[in-house]
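Descriptive structure summary
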Amino acid sequence: MNSGKGQTMWGGRFAATPSAIMNEINASLDVDRRMAQEDLAGSRAHADMLAEMGILSVADNEAIQGGLDAISAEMRAGMFPFRPELEDIHMNVEARLKELIGEPAGRLHTARSRNDQVVTDFRLWTRGALEETSHLVTALQGALVRRAGDNVATFMPGFTHLQTAQPVTLGHHLLAYAEMLERDRTRLLDCAVRLNESPLGAAALAGTGFPIDRDMTAEALGFARPMANSLDAVGSRDFALEALSTLSIAATHLSRLAEEIVLWTSPQFAFAVLPDEWSTGSSIMPQKRNPDAAELIRAKASLITGLFSALQGAVKALPLAYAKDLQDDKRLTFEAFDTYNLCARAMAGMVDTIRFKPEAMLAAAGKGYSTATDLADWLVRELGLPFRDAHHVTGRIVALAEEKGVELAAVSLGDMQKVHSAITEDVFNVLTVEASASSRTSYGGTSPVRVAEQVAQWKQRLRLE
């Protein structure tokens, strides 16, 4: 440890300065400088409250507000003199304020600790980030809805177990992701509601003996109310955990769609082509068109889940109230939001520009005996068979088709009648892809009629038209 005094703003208790390695591990300015404007907002509100309560003179408050405005202008102009040796954005602001206005700067920290100051800034930042991310989710929903509207009657195979199951429409498939994203969006906004309580005034952990007005600062910062327990206020990070868990779920949805894009653009599926701006090539194979953006989204979804797990691991064994472990909460949270937002923008770009191949989709939709359920339903509806009997009859006809190496619609009426004598020529009316998908008219079904209705509702909800 280096000897000497004149170290940090908290150095009165210490006879020597921290070592260089201690300074390096302790510093967080490279991360928390992103909360500079939030820190200034919190200090403005705190100073105004102190003045209102007579704890700070009007003249000192005016000097502080002027200094904070000057610092804000310096930061926006890129002229603020950041000093890494001052650990974090909070100490940097306070030191610069002292340089600008002198003694009144030392009174700003009255009835406040870095503990409540930091978490106030963090809640303000996270609240803004949740709103920004919700807008990106809405933008992606808009891209999905527009493409769904273009493909209301574009038929494709629907899958279970990645095996052909029943024909669906591409519009229906895309709207499934719009629905998932809506739940993601509302979870983000719900999280913003729960975190919208002010820790400011909780001080280090026990509150303060000064006659402060926490309702005043909460209102000034747009919080719904002050937090009711000072230990909880400075020691809890469940708002960040909730935000990251929500991002993890949301990223999982992006990853699933990314996986489908990877499959659809492969030569084996050939359902779609990604344009050049969302593809890369191979250094050795000139024919390659790689869906790297989609693949990277899959990987980054795992990263976001890992960031959530890392934050949960940091918090799970901490006794109340504050411990330095919580310093990395912001690094993890910032990276999670940055990563998700990048993925959401990339996915919106891919959805907007991907070129679908309806003929290939239609051809694939008719393979794998995808209309077998329609045959079973016809046997129930027209011949009155119990569904389990109809299921058995259909299974035998599918086995016959497989034996002959033909699709279901190519099995002759005579062969079908060998399985069940009451089958008539009308059965072939339900064995086409178009008839199958169009018959699914139940609410939420894949029929083009239902999909068109859903597209119209989504466009109204998103104000796309």
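To start, this report covers the structure provided alongside it. (Residues numbered from 1 in each chain as written. Predicted model: local features only at pLDDT ≥ 70, side-chain atom pairs only at ≥ 80, totals over all residues. Heavy atoms only, no water.)

Running from N to C, helix H7 (residues 170-195) and helix H10 (residues 238-264) point in directions that differ by 165 degrees, and their axes come no closer than 9 Å. One finds that H7 runs roughly antiparallel with respect to H10. For the pair H7 and H10, the crossing hand works out as left-handed. Class assignment of the residues belonging to the contact of H7 with H10 gives a composition of 15 nonpolar, 3 polar and 6 charged. (Axes fitted to C-alpha atoms, helices over the stretch in contact; angles between N-to-C directions. Helix = DSSP H or I, 4+ residues; strand = E, 2+ residues; numbered from the N terminus. Parallel < 35°, antiparallel > 145°, perpendicular 65-115°, else oblique. Left-handed = near helix turned anticlockwise from the far one by under 90°. Nonpolar A, V, L, I, M, F, W, Y, C, P; charged D, E, K, R; others polar.)

What follows concerns the environment of Leu-100. Counting through the fold element by element, Leu-100 comes out in helix H5 (residues 89-101). Using a relative accessible area of 36% as the deciding quantity, one classes Leu-100 as partly exposed. Sequence spacing of Leu-100 and Thr-110 is 10 residues, and the spatial spacing of their C-alpha atoms is 19 Å. Sequence-distant contacts of Leu-100, that is, excluding residues within four places in its chain, are made with Gly-67, Ala-70 and Ile-71. (Buried < 20%, exposed > 50% of the residue type's maximum accessible area, 1.4 Å probe, protein only. Contact = heavy atoms within 4.5 Å.)

Here H5 spans 18 Å end to end across 13 residues, near enough to the 18 Å set by a 1.5 Å rise per residue. Among the residues of H5, Ile-89, His-90, Met-91, Asn-92, Val-93, Glu-94, Ala-95, Arg-96 and Leu-97 are the ones counted as buried. Where H5 is buried, its residues touch helix H2 (29-32), helix H3 (36-52), helix H4 (58-76) and helix H6 (114-150). Between a side-chain oxygen at the N-terminus of H5 and the backbone nitrogen of His-90 the separation is 3.1 Å; the capping residue is Asp-88. Gly-102, located one to two residues past H5, shows a positive phi value of around 80 degrees. (Expected span 1.5 Å × (residues − 1). Polar contact = N/O pair within 3.5 Å; in protein donor to acceptor, adjacent residues only side chain to side chain.)

What follows concerns the pairing of strand E2 (residues 163-169). By the bridge criterion, 6 bridges tie strand E1 (residues 155-160) to E2 in an arrangement that is antiparallel. Bridge pairing in E2 links Phe-159 to Thr-164. Connecting E1 to the antiparallel partner E2 that follows it, the hairpin turn spans 2 residues, and His-161 within it adopts a positive phi of roughly 60 degrees. (Pairing = 2+ DSSP bridges.)

Purely geometric numbers; function is a separate question.
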